[in-house]
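If you want the building blocks of each chain, they are given just below.
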Amino acid sequence: MPHVVSDKILFLSEASKVLSSSLDYYTTLGTVAELIVTGVSDFCIIDIFDGRKMSRVAVRVADRKKQKLANKMYEFLPSPSNKEAIYDTAKNNKTVLIKKATPTWLNRVSKIKEERETIKKLGLNSHLFVPLISRGQTIGVLTTASMDPKFSYSETDLPFIEELANRAATAVDKARLYLEAQKALRTRDEFLSVASHELKTPLTSILLNIQAVIKKIQKTEIESPEIREIVKMLELSSRQSHRMARLINDLLNVSVASTGRLQIEKEETELIGLVKEVILSFKARLKDSNIQVVVDMDEKIVGMWDKVRIEQVIANLLSNAIKYGKGKPILITVKKLGKNAHIRIKDNGIGIKKVDQEMIFEQFKRAVNSKEYSGLGVGLYICLQIVEAHKGKLSVESKAGDGASFIVDLPL
């Protein structure tokens, strides 16, 4: 016999809490079915409708001993040619009430003998077929049934069941939209990954050719204003190409991190030498910006890290210090503190407001005007993913107008 809910308002309130507890699509569908058989009815089926066909996603029975038998209902999908019951409910957006599952009715709603036999073995009698409606569209059908041959649903049962179905539909629709959004994000990240790889190959070739031409021109004995102008143009092209390469690398790293495929290959790494190599690679940029780098480092720090990834973190943080440091000196401190290697890169530039300090580590988020400072806003996000993959910590200390210190703590 269907459960008698003594306080329908309280049940609906509790049901809403349970339904909103997860955004996982399949968990939500299972939760809806469990709610029905534990608080409302003896039997429940949920079919999801995509506008053309039905997919059976949940079958539950209050008598757990009959669940194995009930699972056979997964095999009998509703037929679009059947104008009664489930498809009738979905097409007309109206609840269908069957007071008694007579043999004549069963023969009409099912042309499959095994399905009719399963319904009889389960003892399903009175049925309700309720549309799951969200944002004005039917997204599925909720079927409830009684196993009591003496019980029949009536019109007075409809408002409560339909209200529960509405709340269930909203929860299912939210979970479905979340699932679709996750799939779209994965598709985007896959595209970025492929596109980044494809772009890197020709760009690398262009860079090598530009550098080769510059070297050949510089070796010639011809000296003229035109030649000097050509060299300047090529050097500008080289810098812009390097900038494009960094942007492509950022996109690639974001896509890899977002899809959870960021690979960390640890090896014994000497950190002081690595930091010095990074500083040396910025020699030309530091000279152009007239920025001095002051270092305070231990003699040697050895740990197990991914050398390439840690180099990427240091280079990214130093690049930011140059970009936002207003041409003032940059202090780089590298020390061994307990069981950690401690790296601090401090600039004396524009600083970061307190309210923006958590946001800057998110994807595509920036604390500055994009018109004044170029970039994608992904560098710090990538750094955070790399540091956390090493079980380390990346943090910032700053005040607006008073520079910023980025601190990396890496377990040795």
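For the structure, check the block above.
Remember, predicted model here, so these are calculated numbers, not experimental data.

A. Inspection of the side chain of Ser405 at higher detail. Summarising the element assignment, Ser405 is placed in strand 12 (residues 404-411). Once you skip the residues sitting within four places of it in the chain, Ser405 turns out to touch Arg344, Ile345, Lys346, Ser395, Val396 and Glu397.

B. Summary view of the environment of Ile98. By secondary structure assignment, the location of Ile98 is in strand 3 (residues 96-98). A relative accessible area of 14% places Ile98 in the buried class. In sequence terms Ile98 and Ala85 are 13 residues apart; their C-alpha atoms lie 8.7 Å from each other. Apart from residues lying up to four places away in sequence, Ile98 is in contact with Trp105, Ser126, His127 and Phe129.

C. Structural view of the sheet that holds strand 9 (residues 330-337). Strand order across the open sheet formed by five strands is 7-9-10-12-11, with mixed pairing between neighbours. Strand pairing shows two members of the sheet lacking a second neighbour, strand 7 (293-297) and strand 11 (393-398), which therefore form its edges. Pairwise comparison of adjacent strand axes, ignoring direction, gives a mean angle of 15° for this sheet. As judged from the six bridges shared by strand 11 and strand 12, these two strands associate in the antiparallel manner. Paired with Lys393 across the bridge in strand 12 is Asp409. The strands that helix 11 (residues 307-324) touches are strand 9, strand 10 (340-346), strand 11 and strand 12; relative to strand 10, the one it contacts most, it runs at about 25°. In the packing of helix 12 (residues 379-389) onto the sheet, contacts are made with strand 11 and strand 12, and the angle to strand 11 comes to roughly 135°.

D. Spotlight on empty space enclosed by the protein. Inspection of the entire model under this criterion finds one cavity of 30 Å³ or more. Each pocket or cavity is described by its volume, and for the largest cavity that value is around 30 Å³. Lining the largest cavity, in full, are Leu19, Val32, Leu35, Ile36, Leu164 and Ala168. Mapped by element, the contributors of at least two residues to the lining of the largest cavity are helix 2 (25-39) and helix 7 (158-219). It is helix 2 that contributes the most residues to the lining of the largest cavity, three residues altogether.

E. Region of interest: the nonpolar core. Formed by 43 residues in total, the largest nonpolar core has its most connected members in Leu271, Ile314, Leu317, Ile330, Ile332, Val334 and Phe406. Mapped by element, the contributors of at least two residues to this core are helix 9 (271-281), strand 7, helix 11, strand 9, strand 10, helix 12, strand 11 and strand 12. Sequence-distant contacts of Ile332, that is, excluding residues within four places in its chain, are made with Val275, Ile279, Val293, Val294, Val295, Asp296, Met297, Leu318, Arg344 and Ile345. Counting residues in hydrophobic clusters, the runner-up holds 33 residues, among them Ala15, Leu35, Ala165 and Ala168.

F. Spatial organisation of the layout of surface pockets. Volume-wise, the second largest pocket comes out at about 380 Å³. Broken down by secondary-structure element, the contributors of at least two residues to the lining of the second largest pocket are strand 1 (43-49), helix 4 (85-92), helix 5 (103-109), helix 6 (113-122) and strand 4 (127-134). Tallying contributions element by element places helix 4 first for the lining of the second largest pocket, with three residues. For the lining of the second largest pocket, the residue count by class is 15 nonpolar, six polar and four charged.

G. Molecular detail of the pattern of salt bridges. In total, this model carries 11 salt bridges according to the counting rule given. A salt bridge links Glu34 to Arg60; the shortest N-O distance between them is 2.8 Å. Placement of the pair is Glu34 in helix 2 and Arg60 in strand 2 (residues 54-61), with a sequence separation of 26 residues. Taking relative accessible area as the criterion, Glu34 reaches 26% and is therefore assigned partly exposed. Glu163 is paired through a salt bridge with Arg167; the nearest N and O atoms lie 2.9 Å apart. Of the two residues, Glu163 and Arg167 both sit in helix 7, four residues apart, roughly one turn of that helix. With relative accessibility at 29%, the residue Glu163 sits in the partly exposed group. Ionic contacts of the salt-bridge type, sharing partners, join the residues Glu34, Arg60 and Arg64 into one network.

What counts, and where the lines are drawn
- Residues numbered from 1 in each chain as written.
- Predicted model: local features only at pLDDT ≥ 70, side-chain atom pairs only at ≥ 80, totals over all residues.
- Heavy atoms only, no water.
- Helix = DSSP H or I, 4+ residues; strand = E, 2+ residues; numbered from the N terminus.
- Contact = heavy atoms within 4.5 Å.
- Buried < 20%, exposed > 50% of the residue type's maximum accessible area, 1.4 Å probe, protein only.
- Pairing = 2+ DSSP bridges.
- Axes fitted to C-alpha atoms, helices over the stretch in contact; angles between N-to-C directions.
- 1 Å grid on protein atoms, 1.4 Å probe; cavity = no way out; pocket = protein on both sides within 12 Å on 5 of 7 lines; lining within 4 Å.
- Points joined across faces, edges and corners; volume = space filled by probe spheres on them.
- Core = buried A, V, L, I, M, F, W, Y, C linked by side-chain atoms within 4.5 Å.
- Nonpolar A, V, L, I, M, F, W, Y, C, P; charged D, E, K, R; others polar.
- Salt bridge = Lys/Arg side-chain N within 4 Å of Asp/Glu carboxyl O.

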